[in-house]
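Summary of the model geometry
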Amino acid sequence: MPLIREVFPEAKVICCVRNIAWIMDSIELLIRRNAFDVSRLFNNPAERATVYSRSDALSQGSRLVGYAYNALKEAFYSEQSASLLFVDYELLTIGPAKTMSLIYQFLGEEPFEHDFENVQYQEPEFDNKLKTQGLHQVRA
């Protein structure tokens, strides 16, 4: 956040947050769906051996979940915290129109219409490099 504030003094950061247990569960379901692919999210066979070793590995401070969580905490407790907006993932999925309205309000931007019934995204090239198909897939 200090670097962002230094380079872009008026910047605002939107952080989509979700319970860590649900994040780990989503990753675990993805790993199990791709059981024959050796995901590059893990450094060695011991890390990918069980659901517990996978969760332990990803929650380390320098890894996918642990790093994001630590960076989020640092930003939350920083002098720049007024520039942050935390958006609860479940609230976004349950009430996207209302949530987007609040995001536009935070940004000081005029809202515009969105088609929430037709939201799709995928990044297969990135996911294939990680050997974790579907990691960046948003279904309608």
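Report on the accompanying structure. Owing to the predicted nature of the structure, the values given are computational and were not obtained by experimental measurement.

Considering the environment of Leu58
Along the chain, the position of Leu58 falls in helix 4 (residues 51-58). Classification of Leu58 by relative accessible area gives buried; the value is 3%. Linking Leu58 and Leu3, residues 55 residues apart in sequence, is a C-alpha distance of 26 Å. Dropping the residues within four chain positions of it, Leu58 is found in contact with Met24, Ile27, Leu41, Phe42, Arg63, Leu64, Val65 and Gly66.

Re the environment of Asn118
As for its position among the elements, Asn118 is in the loop between helix 7 (96-107) and strand 3 (121-122). Asn118 sits in the partly exposed class, given a relative accessible area of 48%. It is 5.4 Å that separates the C-alpha atoms of Asn118 and Ala140, two residues lying 22 residues apart in sequence. Within the structure, Asn118 has its side chain in polar contact with the side chain of Gln120 (distance 3.4 Å).

Overview of helix 7
End to end, helix 7 covers 16 Å across 12 residues, agreeing with the expected 16 Å (1.5 Å per residue, within 8%). Along helix 7, the residues that are buried comprise Thr99, Met100, Ile103, Tyr104 and Phe106. Viewed along the axis of helix 7, the buried residues span an arc of 160°, placing them on a single side of the element. Along helix 7, exposed side chains directed more than 90 degrees from the buried face belong to Lys98 and Gln105. At the C-terminal side of helix 7, Gly108 shows a positive phi close to 70°.

So, the packing of aromatic side chains
By convention here, two paired aromatic rings are described through the distance between centres and the angle between planes. For the structure shown, the criterion picks out three aromatic pairs. Ring centres of Phe76 and Phe86 lie 5.6 Å apart, and the angle between their planes is 75°; this geometry places the pair in the edge-to-face category. Of this pair, Phe76 sits in helix 5 (residues 64-76) while Phe86 sits in strand 2 (residues 84-88), placing them 10 residues apart in sequence. Between the aromatic rings of Tyr104 and Phe112, the centroid separation amounts to 5.6 Å while the plane-to-plane angle is 55°, which identifies the pairing as tilted. Taken together, the aromatic side chains of Phe76, Tyr77 and Phe86 make up a single cluster linked through ring pairs. Here Lys12 stacks its cationic end above the ring of Phe106, 5.0 Å away from the centre of that ring.

Re the side chain of Asp127
Its location among the elements puts Asp127 in helix 8 (residues 124-130). Despite its burial, Asp127 pairs with no opposite charge; the closest candidate is Arg33, at 9.1 Å N-O. Polar contacts involving the side chain of Asp127 include one to the main-chain amide nitrogen of Leu135, which spans 3.1 Å. When sequence neighbours within four positions are dropped, the list of residues in contact with Asp127 reads Thr132, Gln133, Gly134, Leu135 and His136.

Describing the nonpolar core
With nine residues, the main nonpolar core is built from Met24, Ile27, Ile31, Leu41, Phe42, Ala57, Leu58, Val65 and Leu130. Here this core takes three residues from helix 2 (residues 20-33), the largest share from any one element. Those residues in contact with Ile27 that lie beyond four places of it in its chain are Leu41, Leu58, Leu64 and Val65. Counting residues in each nonpolar core, the second largest holds six residues, with Leu85, Met100, Tyr104 and Phe106 among its members.

What counts as what
Residues numbered from 1 in each chain as written. Predicted model: local features only at pLDDT ≥ 70, side-chain atom pairs only at ≥ 80, totals over all residues. Heavy atoms only, no water. Helix = DSSP H or I, 4+ residues; strand = E, 2+ residues; numbered from the N terminus. Buried < 20%, exposed > 50% of the residue type's maximum accessible area, 1.4 Å probe, protein only. Contact = heavy atoms within 4.5 Å. Polar contact = N/O pair within 3.5 Å; in protein donor to acceptor, adjacent residues only side chain to side chain. Expected span 1.5 Å × (residues − 1). Arc of directions from axis to C-beta. Phe/Tyr/Trp six-rings, centres within 6.5 Å; stacked < 30°, edge-to-face > 60°. Lys NZ or Arg CZ within 6 Å of the ring centre and 35° of its normal. Lys, Arg positive; Asp, Glu negative; His and termini not counted. Salt bridge = Lys/Arg side-chain N within 4 Å of Asp/Glu carboxyl O. Core = buried A, V, L, I, M, F, W, Y, C linked by side-chain atoms within 4.5 Å.

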